[in-house]
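The primary structure of each chain is shown beneath.
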Amino acid sequence: MYPLRRNRRLRQSDAIRSLVRQTHISPNDFLVPLFVVEGSGVKEEITSMPNYYRYSLDLLKKEVKELWSLGLKSVLLFVKVPDNLKDNSGTEALNTEGLMQRAIKTVKETVPEMLIMTDVALDPYSVYGHDGIVSEGSIVNDDTNAILAEMALSHAKAGADFVAPSDMMDGRIFEIRSLLEDEGFHDTGIMSYSAKYASAFYGPFRDALDSAPVDQQDIPKDKQTYQMDPANRKEAIRETLMDVQEGADIVMVKPGLCYLDIVRDVRNAVDVPVAVYQVSGEYAMLKAAAEKGWLDHNAVMMEQVTAIKRAGADIIASYFAKDVVKLIM
Ligand code: PBG
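Given the structure is predicted, the values throughout are model-derived calculations rather than measurements. (Residues numbered from 1 in each chain as written. Predicted model: local features only at pLDDT ≥ 70, side-chain atom pairs only at ≥ 80, totals over all residues. Heavy atoms only, no water.)

So what exactly am I meant to see when it comes to the packing of helix H8 (residues 260-269) against helix H10 (residues 297-311) here?
Two elements in contact, H8 and H10, have axes whose closest approach is 8 Å; the angle formed by their N-to-C orientations is 35 degrees. Contacts between H8 and H10 involve Leu260, Val263 and Arg264 from the first element and Ala307, Ile308, Arg310 and Ala311 from the second. Taken together, the residues of the contact of H8 with H10 break down into five nonpolar, no polar and two charged. (Axes fitted to C-alpha atoms, helices over the stretch in contact; angles between N-to-C directions. Helix = DSSP H or I, 4+ residues; strand = E, 2+ residues; numbered from the N terminus. Contact = heavy atoms within 4.5 Å. Nonpolar A, V, L, I, M, F, W, Y, C, P; charged D, E, K, R; others polar.)

Where do I start with the side chain of serine 280 in this structure?
With respect to the helices and strands, the residue serine 280 is situated in helix H9 (residues 280-291). Accessibility expressed as a relative area gives 1% for serine 280, which makes it buried. In terms of polar contacts, serine 280 uses its side chain to reach the backbone amide nitrogen of phenylalanine 205, at 3.0 Å. Setting aside residues up to four positions removed in sequence, serine 280 forms contacts with Met49, Phe201, Tyr202, Gly203, Pro204, Phe205 and Tyr319. (Buried < 20%, exposed > 50% of the residue type's maximum accessible area, 1.4 Å probe, protein only. Polar contact = N/O pair within 3.5 Å; in protein donor to acceptor, adjacent residues only side chain to side chain.)

Would you explain unusual backbone geometry in this entry?
It is generally the case that most residues other than glycine have a negative phi and that most peptide bonds are trans. Residues lysine 254 and proline 255 are joined by a peptide bond in cis, for which omega reads -5 degrees. With respect to the secondary-structure elements, proline 255 resides in the loop between strand S10 (250-254) and H8. Positive phi is not limited to glycine here, since glutamate 136 has a value of about 45 degrees. Of note, glutamate 136 is situated in the loop between strand S6 (133-135) and strand S7 (138-140).

Honestly, the packing of helix H3 (residues 99-110) against helix H4 (residues 141-158) in this entry has me stumped. Any pointers?
Geometrically, a packed helix pair is captured by the angle between its two axes and the distance between the axes. The contact between H3 and H4 brings their axes to 8 Å, and the two run at 30 degrees. In terms of axis orientation, H3 runs roughly parallel to H4. Between H3 and H4 lies a crossing of right-handed hand. Residue-level inspection shows Met100, Gln101, Ile104 and Lys105 of H3 in contact with H4, the latter providing Ser154, His155 and Ala158. When grouped by side-chain class, the residues that make up the contact of H3 with H4 number three nonpolar, three polar and one charged. (Parallel < 35°, antiparallel > 145°, perpendicular 65-115°, else oblique. Left-handed = near helix turned anticlockwise from the far one by under 90°.)

Please explain the environment of aspartate 170 as it appears in this structure.
Along the polypeptide, aspartate 170 turns up in the loop between strand S8 (162-165) and helix H5 (172-182). Note: C-alpha distance between aspartate 170 and isoleucine 147 (23 residues apart in sequence) is 13 Å.

Where do I start with the packing of aromatic side chains in this structure?
Ring pairs (aromatic) are described by centroid distance and by the angle formed between their planes. Throughout the structure, instances matching the rule amount to 13 aromatic pairs. Aromatic pair tyrosine 193 and tyrosine 277: ring centres 6.2 Å apart, planes at 45 degrees, arrangement tilted. Taken together, the positions of tyrosine 193 in strand S9 (residues 189-196) and tyrosine 277 in strand S11 (residues 274-278) put the pair 84 residues apart, joining distant regions of the chain. With a relative accessible area of 1%, tyrosine 277 lands in the buried category. One aromatic cluster is present, built from ring pairs that chain together Phe35, Tyr52, Phe78, Tyr193, Phe205, Tyr277, Tyr283, Tyr319 and Phe320. One cation-aromatic arrangement involves lysine 254 over tyrosine 202; the distance from NZ or CZ to the ring centre is 4.6 Å. (Phe/Tyr/Trp six-rings, centres within 6.5 Å; stacked < 30°, edge-to-face > 60°. Lys NZ or Arg CZ within 6 Å of the ring centre and 35° of its normal.)

Help me understand the site of the ligand, please; the structure alone is not making it clear to me.
As a structural note, the neighbourhood of the ligand is formed by 18 residues, with Arg206, Lys223, Lys254, Ser280 and Tyr319 the closest of them. Note that an oxygen atom of the ligand is positioned 2.7 Å from one of the side-chain N or O atoms of arginine 206. Taking glutamine 227, its side chain carries an N or O atom lying 2.8 Å from an oxygen atom of the ligand. For the shell around the ligand, a count of residues per class yields eight nonpolar, three polar and seven charged. (Near = heavy atom within 4 Å.)

Put into structure tokens, the structure is as follows:
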């Protein structure tokens, strides 16, 4: 029979395609990760993340102004901590004059309307490169939570709008929420890395912060006892529902592209905003392939962020944010 339906009718021209398009990308979708270092006049390219930089506070100001002018209104701060300030108990993480605390103030002073989210985890501060306290070959859960809560409070006091615990300890959202409430920080939000997998895609990020787990006897060489097994699906829902119950305002799935089934599951399971982190390894892969001329950088980048949003992301944390916005402006 002659087809009554011809699906190609809706694909004939740009006009009809844009009329029926279901997923749109705008600057409002993005959360921009920023790496901060000590010093002044520093803008260092991260070797495994071409065209992505660590900034000292003075140049961070310039970057933040540029982001704001591009319509990028939310940043996620990470700090590279000098080796001599690292220990096994996150001492420097609680320093009211620490780099993170100063970075928060710097961004607030420079662009007061910018939404500031901060990374809460011990790895940049850990001599062992772990997200928690290490004792007798394991990562201690509850003692770590107490420090994470203090760390979150310290960020809130410095002016963070949201804290973003990326550590995957059990029960940390409750600990953080409780302390923030006790101390009167009712409006400080929590974006929880809820379904964070023990992924090999974090390599370039660990280069950026010099935060990889150390190769040392009796120290776990990877994060598999706290980050999730990439083979598991249902566990992502359990983790996420618990975080919502404990007080998370926003939940996150991480990494992005390899985990879009999880993004859709989580999107269907919760009624809070879902963030997706398109991580450093995802960024590095495309940059490398594009450098070789093997992939069309901008086309693949747009396809990837569109796929992440189509899968159910309300928020995309991405190193491509600026590239995307410049392209679609
Ligand atoms: C650590 C943290 C990691 C990332 C964000 N926070 C790395 C890790 O868990 O080892 C990775 C982000 C990226 O790869 O872009 N708390």
